[in-house]
Amino acid sequence: MFAFFNKNDPATDENVELDAQRIPAHVAIIMDGNGRWAKSRHLPRVAGHKEGMNTVKKITIAASDLGVKVLTLYAFSTENWKRPTDEVNYLMQLPVSFFDTFVPDLVKHNVRVQVMGYTDQLPAKTQKAVRDAVADTQACDGMVLNFALNYGSRAEMVTGIQAIAQQVQAGKLTVDQIDERTVDDALMTSALGQYHDPDLLIRTSGEERISNFLLWQIAYSELVFTDVKWPDFTATTLKACIADFQHRDRRFGGLSDHK
Ligand code: FPP
């Protein structure tokens, strides 16, 4: 019925058929390989990030067209500040260029922008671009395009734990009342409502690690790793990743129906 996922090069598979009833509601992507993509073309690393931004545009529309409800993209981690200043500056400029040119398309496709992360530590112009994009797409009620910007999962958990502890200290919550829901609500993904946990997590470029991304939220996510570098990732690659997801037997710790 559907073609099998080719981890090494799913982008060549043009005949992916998807079950429209089982599209993952929340897809999260670790967009990796921009630097290597550029290096293999004898280009500066930032050329990879520029092409990566164009991929973000294509994949946003493709995910929205497929019926994905939330697309979370890891655009800048709390650890990415360790990169050379020129590269960090370029990465901070990217959301400005992206939203400058792409907000009308987002509105046309009814896509709402959200951002999670320590955005108050971003340069003022990046903060403004993000704030404006959130405001300009506020009325859209289709897919949510959720950027993780200056995001780190451990930092997010520390902040969440501090908030819970403060509630206990203030007498608003007892220790016994703390449950998984309390933690869900204390994390940045609580802004995504019922879609706070990704169903599918994709990492591009052949690296198979999580890199401090949504550690609590991916407890039951399906993980798909593809060798395709982010600038080469296409709508077809996305469909192939979703086809792989649709092959999986999600049991959430229970037994599957046929056992
Ligand atoms: C990882 O590749 C990529 C990043 C750290 C940045 C991701 C950003 C984009 C794809 C553009 C984001 C667009 C917007 C609109 C914010 P890498 O540099 O680590 O690649 P490498 O592992 O090959 O060096």
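Bear in mind that the values here come from a model prediction, so they are computed numbers and not experimental data. (Residues numbered from 1 in each chain as written. Predicted model: local features only at pLDDT ≥ 70, side-chain atom pairs only at ≥ 80, totals over all residues. Heavy atoms only, no water.)

1. Some points on the site of the ligand
- With respect to spatial proximity, 16 residues lie near the ligand, and among them Asp 32, Gly 35, Arg 36, Arg 45 and Arg 83 are the closest.
- Measuring from an oxygen atom of the ligand, one finds a side-chain N or O atom of Asp 32 at 3.1 Å.
- Note that an oxygen atom of the ligand is positioned 2.7 Å from one of the backbone N or O atoms of Arg 36.
- Compared with its free state, where it exposes 630 Å², the ligand has 91% of that area covered by protein. (Near = heavy atom within 4 Å. Polar contact = N/O pair within 3.5 Å; in protein donor to acceptor, adjacent residues only side chain to side chain. Areas by Shrake-Rupley, 256 points an atom, 1.4 Å probe, with all protein chains shown as cover.)

2. Looking at the nonpolar core
- Ile 29, Leu 71, Phe 99, Phe 147 and Ile 202 are the most contacted members of the largest nonpolar core, which totals 44 residues.
- The set of elements that each furnish at least two residues to this core consists of strand E1 (26–30), helix H2 (45–66), strand E2 (70–77), helix H3 (85–108), helix H4 (124–136), strand E4 (144–151), strand E5 (200–203) and helix H7 (235–247).
- Top element by residues in this core is H3. It accounts for 10 residues.
- Ala 28, Leu 201, Leu 214 and Ile 218 belong to the second largest nonpolar core, which has 11 residues in total. (Core = buried A, V, L, I, M, F, W, Y, C linked by side-chain atoms within 4.5 Å. Buried < 20%, exposed > 50% of the residue type's maximum accessible area, 1.4 Å probe, protein only. Helix = DSSP H or I, 4+ residues; strand = E, 2+ residues; numbered from the N terminus.)

3. What to know about the side chain of Asn 146
- Mapped onto the secondary structure, Asn 146 falls in strand E4.
- When sequence neighbours within four positions are dropped, the list of residues in contact with Asn 146 reads Val 70, Leu 71, Thr 72, Leu 73, Gln 114, Val 115, Met 116 and Leu 192. (Contact = heavy atoms within 4.5 Å.)

4. Observations regarding the UniProt feature "binding site: Mg(2+)" (unreviewed entry) in the chain
- Here the UniProt-annotated "binding site: Mg(2+)" (unreviewed entry) positions come out as Asp 32 and Glu 222.
- Apart from the residues within four sequence positions on either side, Asp 32 is in contact with Arg 203, Thr 204, Ser 205, Glu 207, Lys 229 and Trp 230.
- Of note is the side chain of Asp 32, whose polar atom sits 3.3 Å from the side chain of Ser 205.
- Mapped onto the elements, Glu 222 comes out in strand E6 (residues 222–225). (UniProt positions renumbered as here; feature names shortened; annotations may be inferred.)

5. Concerning H4
- Over its 13 residues, H4 extends 18 Å from the first C-alpha to the last, a length consistent with the 18 Å expected when each residue adds 1.5 Å.
- For H4, the full list of buried residues reads Thr 126, Ala 129, Val 130 and Ala 133. For H4, the arc enclosing every buried residue in end-on projection is 95°, short of the 170-degree limit, so these residues lie on one face. The exposed set on the far side of H4, more than 90 degrees from its buried face, consists of Ala 124 and Arg 131.
- Taken together, the buried residues of H4 touch H3, strand E3 (112–116) and E4. (Expected span 1.5 Å × (residues − 1). Arc of directions from axis to C-beta.)

6. A word on the packing of H3 against H4
- Look at H3 against H4: their axes get within 8 Å of each other, and the N-to-C directions meet at 15°. If you check the angle between H3 and H4, you find them roughly parallel. Between H3 and H4 lies a crossing of left-handed hand. Seen from H3, the contacting residues are Met 92, Gln 93, Pro 95, Val 96, Phe 99, Val 103 and Val 107; seen from H4, they are Lys 125, Thr 126, Ala 129, Val 130, Ala 133 and Asp 136. (Axes fitted to C-alpha atoms, helices over the stretch in contact; angles between N-to-C directions. Parallel < 35°, antiparallel > 145°, perpendicular 65-115°, else oblique. Left-handed = near helix turned anticlockwise from the far one by under 90°.)

7. Quick notes on the pairing of E4
- The buried fraction of E4 amounts to 8 of the 8 residues, a majority that puts the element mostly inside the structure.
- Judged from the 7 bridges that link them, E2 and E4 form a sheet pairing that is parallel. From the neighbouring strand, Tyr 74 faces E4, where its bridge partner is Ala 148. (Pairing = 2+ DSSP bridges.)

8. Re the packing of aromatic side chains
- Summed over all chains, the structure comprises 10 aromatic pairs.
- Consider the rings of Phe 99 and Phe 147, whose centres lie 5.7 Å apart with planes at 90°: the pair is edge-to-face. Linking Phe 99 in helix H3 with Phe 147 in strand E4, this pair joins segments that are 48 residues apart in sequence. Across the pair, exposure class does not vary: Phe 99 and Phe 147 are buried alike.
- Ring pairs connect the aromatic residues Phe 98, Phe 99, Phe 102 and Phe 147, which therefore count as one cluster. (Phe/Tyr/Trp six-rings, centres within 6.5 Å; stacked < 30°, edge-to-face > 60°.)

9. Some points on the packing of H2 against H3
- At their nearest, the axes of H2 and H3 sit 10 Å apart, and the two run at 30° to each other. By the angle class used here, H2 and H3 are roughly parallel. Judged by the twist between their axes, the crossing of H2 over H3 is right-handed. Each of Arg 45, Val 46, His 49, Lys 50, Met 53, Val 56, Lys 57, Thr 60 and Ile 61 in H2 lies in contact with H3, whose residues at this interface are Glu 87, Tyr 90, Leu 91, Leu 94, Ser 97, Phe 98, Thr 101, Phe 102 and Leu 106.
- For the contact of H2 with H3, the per-class residue count stands at 10 nonpolar, 4 polar and 4 charged. (Nonpolar A, V, L, I, M, F, W, Y, C, P; charged D, E, K, R; others polar.)

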